[in-house]
Amino acid sequence: MPTPQNSQRNLCFADSHLSAILVENVEDFAADGIVVNLSTEVILVEGEVDTQIQPWRSAVLRDKHIRRADRIVVLKVANLENLGGVMLRGWNWFGHIYDGFPRQTPLYMSSIDSVGRVTEDPFVFTRERTETQKPQEFEIKLKCWWSPNETDCFIHNEHPFLEVHTQIHGIGRMQKFRKRDATTVYEDVIMAPGFTHEPFCIVDGENMWRYPWHRYYADLESIWLAVELHPLD
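Model, not experiment: these values are computed from the prediction.

Notes on the overall build of the protein
Move 1: A count of helices and strands for the protein gives one helix and 17 strands.
Move 2: The C-alpha atoms of the protein give 17 Å as radius of gyration, which agrees with the globular expectation for 233 residues (17 Å, within 12%).
Move 3: Its C-alpha atoms give the protein principal-axis dimensions of about 45 × 45 × 35 Å.
Move 4: Counting only residues that meet the buried cut, the protein has 50% of its 233 residues in that class.
Move 5: As displayed, the protein has an accessible area near 11500 Å², and 48% of this comes from carbon and sulfur atoms.

Below, the structure written as C-alpha cells:
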C-alpha cells in the first residue's frame, strides 16, 4: 500500500521539550524548524527563488513549503526550561551502553528510531563519486545526543554504518584527530543549529567504512541528531 501524502508521526524521542516528526511522501508541506533530507534526491523549498536541500543535509525553515520529498524529519526545541533533564525523560547515560565509557562524562543518548529503508550508493554518500554505480539497501536509524557545555564526547573511529550529524540546539564541533589523543586534533567542524556536516568516512570494502579518529565536543549545552545508514545485505 502506498504511503499517504504528507504522512506524519512523532519520532520515538520526541517529547514536551523536543518536537521531532517524520514526514513521508512529502508534497507542498509547510515546515517550521530544522529540516533534514533523509533521501538520495535534492528537495526544493519554495521561495522567490526556490532553494535546495541536498541529500542527507539540512536547513532551518520558517513556515516554508517543501515542494516534494521522499522523507524528511522536522526538529525544533519546543521548551528550553529544564531541557537538560533528558535522563528523566527516558534518555540513557552512554556508559550504560558502551562499556568503559568515562563515568565523569555527562553524555546521554535517546532511544533509536528506525524510519525506513533507502537505496544509496555508499561512494556517493561519502562524496567519493557523484554518479550512482553500485546502490545497496540501508536501514535509516535516528537518535539524539545531549551534553552540557565543555563536554568531551569520546574519541573513536569505529562504526559499522555510515553517519552524519545535525545540530539541533547549542554550539559544538565535530573534531578529527591523528591519534586517539586530544592534542592531535587537525580539524574542527563547527556545529550550529540546523547544520549537518559532510561525512567523515570513506568506503574501505564491502560494508566497511574507514573513519578518522573523531569526536563531538559540546562547547555549549547541545542536542544533536545522528543519522545512521545501516547496510542490510
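More follows now that the structure is in view.
Examining the environment of Val189
Move 1: Following the sequence through the fold, Val189 ends up in strand β13 (residues 185–191).
Move 2: When the C-alpha positions of Val189 and Gln175 are compared, they lie 6.2 Å apart, and in sequence the two are 14 residues distant.
Move 3: When sequence neighbours within four positions are dropped, the list of residues in contact with Val189 reads Gly172, Arg173, Met174, Phe195, His197 and Phe200.

Focus on the side chain of His17
Move 1: With respect to the helices, strands and loops of the structure, His17 is situated in the loop between β1 (7–10) and β2 (18–37).
Move 2: At 3.2 Å, the side chain of His17 and the side chain of Ser16 are in polar contact.
Move 3: Among the polar contacts made by the side chain of His17, one reaches the main-chain carbonyl oxygen of Glu81 at a distance of 2.7 Å.
Move 4: Among all residues touching His17, those that are not within four sequence positions of it are Lys76, Val77, Ala78, Asn79, Glu81, Asn82, Leu83 and Arg89.

Details of the pairing of strand β5 (residues 58–77)
Move 1: Relative to β5, β2 is paired through 20 bridges, and the arrangement is antiparallel.
Move 2: As defined by bridge partners, strand β3 (residues 43–45) adjoins β5 across two bridges and the pair is classed as antiparallel. If you follow Val45 over to β5, its bridge partner there is Ile66.

A look at the packing of aromatic side chains
The way to describe two aromatic rings as a pair is by their centre distance and the angle between their planes.
Move 1: Inspection of every chain in the model, using the stated rule, returns ten aromatic pairs.
Move 2: A centroid spacing of 5.6 Å and a plane angle of 10° characterise the contact between Phe94 and Tyr98, whose relative ring orientation is stacked.
Move 3: Owing to a relative accessible area of 36%, Tyr98 belongs among the partly exposed residues under this scheme.
Move 4: Between Phe94 and Trp145, the aromatic rings sit 5.1 Å apart at their centres with planes inclined by 75°, giving edge-to-face as the arrangement. Taken together, the positions of Phe94 in the loop between β6 (92–93) and β7 (108–109) and Trp145 in strand β9 (residues 136–147) put the pair 51 residues apart, joining distant regions of the chain.

Brief notes about the environment of Pro122
Move 1: Among the structural elements, Pro122 can be located in helix α1 (residues 122–125).
Move 2: For the pair Pro122 and Leu38, spaced 84 residues apart in the sequence, the C-alpha separation amounts to 14 Å.
Move 3: Here Pro122 is in contact with Lys134, Gln136, Phe138, Leu162, Val203 and Trp209, once residues within four sequence places are set aside.

About the cut-offs
Residues numbered from 1 in each chain as written. Predicted model: local features only at pLDDT ≥ 70, side-chain atom pairs only at ≥ 80, totals over all residues. Heavy atoms only, no water. Helix = DSSP H or I, 4+ residues; strand = E, 2+ residues; numbered from the N terminus. Rg over C-alpha atoms; globule rule 2.2 N^0.38 Å. Buried < 20%, exposed > 50% of the residue type's maximum accessible area, 1.4 Å probe, protein only. Areas by Shrake-Rupley, 256 points an atom, 1.4 Å probe, with all protein chains shown as cover. Contact = heavy atoms within 4.5 Å. Polar contact = N/O pair within 3.5 Å; in protein donor to acceptor, adjacent residues only side chain to side chain. Pairing = 2+ DSSP bridges. Phe/Tyr/Trp six-rings, centres within 6.5 Å; stacked < 30°, edge-to-face > 60°.

These figures come from the coordinates and say nothing about function on their own.
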